[in-house]
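# Tertiary structure, described
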Amino acid sequence: MTTLFELREKIKNFYGAHEMMLRPIIKFLAVFVSLLLIKSNIGFMGLLNSWIIILSLSVISAFLPWNVVAVILAADILANIFSVSVELGGLILLIVLILFLLFFRFSPKQGALLVLIPLAFFLKIPYAIPVVVGLLWAPYAIIPAIFGTIIYFMIFVIGENTELLTRMSNGNISSASVNSIINMLSNNNEMILIIIAFVITILVVYFIKRMSVDNAWTIAIFAGGILEFVIVLVGNLMLKTESSLLEIIIGNIFSIIVSFVIHFFVFSVDYSRTEHTQFEDDEYYYYVKAVPKINVTAPEMNVKRINAQRRKKNQNRKIK
């Protein structure tokens, strides 16, 4: 176990020493993959989805704040939709504006979630989102979690109806065609179920991990993973969606594994050395529970230069 903690410290030290270089690389990869996914699902505008534009936007976004990156990706989505249907593009623009207003009002510091959550859906690992968000952020992170989920389902539904939108772009635009896509978005039971499951799981995980009990994070991870699985499973059975049971099971197991990895790097404590103390002032009594963190210093290697010592001894002999 000590070896794992030493490895953790090495990784953390490496990231701390190269943070200025690693952050742009992470943003570049996130934006590059996101633009490729947008291209493959709703890449209706040929110029915007050319490799030169994708690489240029990825490089520029690597040096911008996450909030600005989220706006760039949203603009890319809207431009692709507007290129085939002004009516549908106007509706999506209205939805995105409302979501951005809520986001910048209540949780403006969580721009990374707006980019990473739709990415997690496309990479087939969405069930890790609520447990991780509940562990690392406060309840206000529910807003970008909902926002990211809606963005994914908008791209997915529109991408699934590419043929219909292509006919619309060739001049066969009809209000019935636009309304059919709007109905698919507004009456998407799977999206509503996922949002409900995410909101409940985030809240449960957050409040359990904040409790003053031993192994609170571990309890929160298992409780969140099981609760999310039950909500999604029961909801799918009631709504008769086409979600795969095996995918739900594997997704929740992966969620728990990812959560424990984050737990290991962020919140490693030694409950066997817990201390309790109390004190008072003029107005309150204070009861404090202190749990020490597990910190292991990586052993330093001392290199002994044998040749240098021999050379020094030979020089001393010559002098004598």
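Shown above is the structure to which this text applies.
So, here's what we can say about the structure. Note that the structure is a prediction, hence the values are computed from the model and not measured.

It is worth spelling out the overall build of the protein chain at this point. Along the backbone of the protein chain there are 14 helices and two strands. Expressed as a percentage of the 320 residues in the protein chain, the buried residues total 38%. For the protein chain, the exposed surface amounts to about 19,000 Å²; the carbon and sulfur share of it is 65%.

So, about the pattern of salt bridges. The full count for this structure, using the stated rule, is two salt bridges. Here Glu-19 makes a salt bridge to Arg-23, at a shortest N to O gap of 2.9 Å. With Glu-19 and Arg-23 both in helix α2 (residues 19-42) and four residues apart, the pair spans about one turn of that helix. Two residues, Lys-289 and Asp-214, come together in a salt bridge whose shortest N-O distance is 2.9 Å. Placement of Lys-289 in strand β2 (residues 285-290) and of Asp-214 in the loop between α11 (189-209) and α12 (216-239) is noted, with a sequence separation of 75 residues between them.

It is worth spelling out the pairing of strand β1 (residues 275-280) at this point. With zero of six residues buried, β1 is to be regarded as a mostly surface element. The pairing of β1 with β2 spans six bridges and is classified as antiparallel. Residue pairing in the sheet places Glu-275 in a bridge with Ala-290 of β2.

For any two helices packed against each other, one specifies the inter-axial angle together with the distance between the axes. Between helix α7 (residues 128-136) and α12, the shortest axis-to-axis distance is 9 Å and the interhelical angle comes to 150°. It follows that α7 is roughly antiparallel to α12 by the angle criterion. As for how α7 packs across α12, the hand of that crossing is right-handed. Where α7 abuts α12, its residues Pro-130, Val-131 and Leu-135 lie against Trp-217, Ile-221, Gly-224, Gly-225 and Glu-228. Tallied by class, the residues present in the contact of α7 with α12 amount to five nonpolar, two polar and one charged.

Rules used throughout
Residues numbered from 1 in each chain as written. Predicted model: local features only at pLDDT ≥ 70, side-chain atom pairs only at ≥ 80, totals over all residues. Heavy atoms only, no water. Helix = DSSP H or I, 4+ residues; strand = E, 2+ residues; numbered from the N terminus. Buried < 20%, exposed > 50% of the residue type's maximum accessible area, 1.4 Å probe, protein only. Areas by Shrake-Rupley, 256 points an atom, 1.4 Å probe, with all protein chains shown as cover. Salt bridge = Lys/Arg side-chain N within 4 Å of Asp/Glu carboxyl O. Pairing = 2+ DSSP bridges. Axes fitted to C-alpha atoms, helices over the stretch in contact; angles between N-to-C directions. Parallel < 35°, antiparallel > 145°, perpendicular 65-115°, else oblique. Left-handed = near helix turned anticlockwise from the far one by under 90°. Contact = heavy atoms within 4.5 Å. Nonpolar A, V, L, I, M, F, W, Y, C, P; charged D, E, K, R; others polar.

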